[in-house]
Structure formats: C-alpha cells, structure tokens
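Structure assessment
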Amino acid sequence: MLFRSDYELSVKKEMINSSDKKILLVDSSKFNRVRSTLFAKITDFDIIISDSNIPEEYKKYCKKNKIELILV
C-alpha cells in the first residue's frame, strides 16, 4: 500500500496502536508482497479476514501466533 503522505502513515499507525481489537481485511493477492512502507506487522492484528486462496504458510503462521483467521 502506498501512502500519499507521512501524515497518512502516522494516522494508520496510531489507529492500530489505539485500537482494542485489530482487524485486517485483505485479499489473498496481497500476501507475499513487499512494499517500501510498513504501517503494521501481521502479528499486530487480532483477526485477519481474507479469501481462501492465501498461502498455506500464512494459515499456519496465524494459527501458531493465535491470530484468528476468517476465510470467506
């Protein structure tokens, strides 16, 4: 995800830091992609919602790290 400004990046980081429950909604095409800007790590989220085509390694990673994974 590309950010239009440092302000947008800082707002997203603050939203993550101030949330009681962190939910990531992401389609499977975003897994295994590297971007130049990071606003959160996968372990920062409590729940990940995605389509069922995510790589098996991420399913295992979520289970191992007690991240609830909802596949739709």
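Residues numbered from 1 in each chain as written. Predicted model: local features only at pLDDT ≥ 70, side-chain atom pairs only at ≥ 80, totals over all residues. Heavy atoms only, no water.

**Some thoughts on a nonpolar patch on the surface**
The grouping of Y7, V11 and M15 at the surface amounts to a nonpolar patch, some 330 Å² of accessible area in total. Relative to the assigned elements, M15 resides in helix α1 (residues 6–18). (Patch = residues over 30% accessible without salt bridge, like charges linked within 9 Å, V, L, I, M, F, W, Y side chains within 5 Å. Areas by Shrake-Rupley, 256 points an atom, 1.4 Å probe, with all protein chains shown as cover. Salt bridge = Lys/Arg side-chain N within 4 Å of Asp/Glu carboxyl O. Helix = DSSP H or I, 4+ residues; strand = E, 2+ residues; numbered from the N terminus.)

**A look at the sheet that holds strand β1 (residues 23–25)**
Pairing is parallel across the open sheet formed by 3 strands, whose spatial order is β1-β2-β3. At either end of the open sheet lies a strand with only one pairing partner, and these are β1 and β3 (68–71). Going across the sheet, the axis of each strand differs from the next one's by a mean of 15°, ignoring polarity. Of the strand pairs in this sheet, strand β2 (residues 47–50) and β3 are connected by 4 bridges, and their pairing is parallel. For S50, the partnering residue across the bridge sits in β3 and is L71. (Pairing = 2+ DSSP bridges. Axes fitted to C-alpha atoms, helices over the stretch in contact; angles between N-to-C directions.)

**What to know about the layout of surface pockets**
Volume-wise, the largest pocket comes out at about 920 Å³. Lining the largest pocket we find 25 residues, and of these L24, V26, K30, F39 and A40 sit closest to its centre. Elements that contribute at least two residues to the lining of the largest pocket include exactly α1, β1 and α2 (56–64). Across the lining of the largest pocket, the residue classes tally to 17 nonpolar, 3 polar and 5 charged. (1 Å grid on protein atoms, 1.4 Å probe; cavity = no way out; pocket = protein on both sides within 12 Å on 5 of 7 lines; lining within 4 Å. Points joined across faces, edges and corners; volume = space filled by probe spheres on them. Nonpolar A, V, L, I, M, F, W, Y, C, P; charged D, E, K, R; others polar.)

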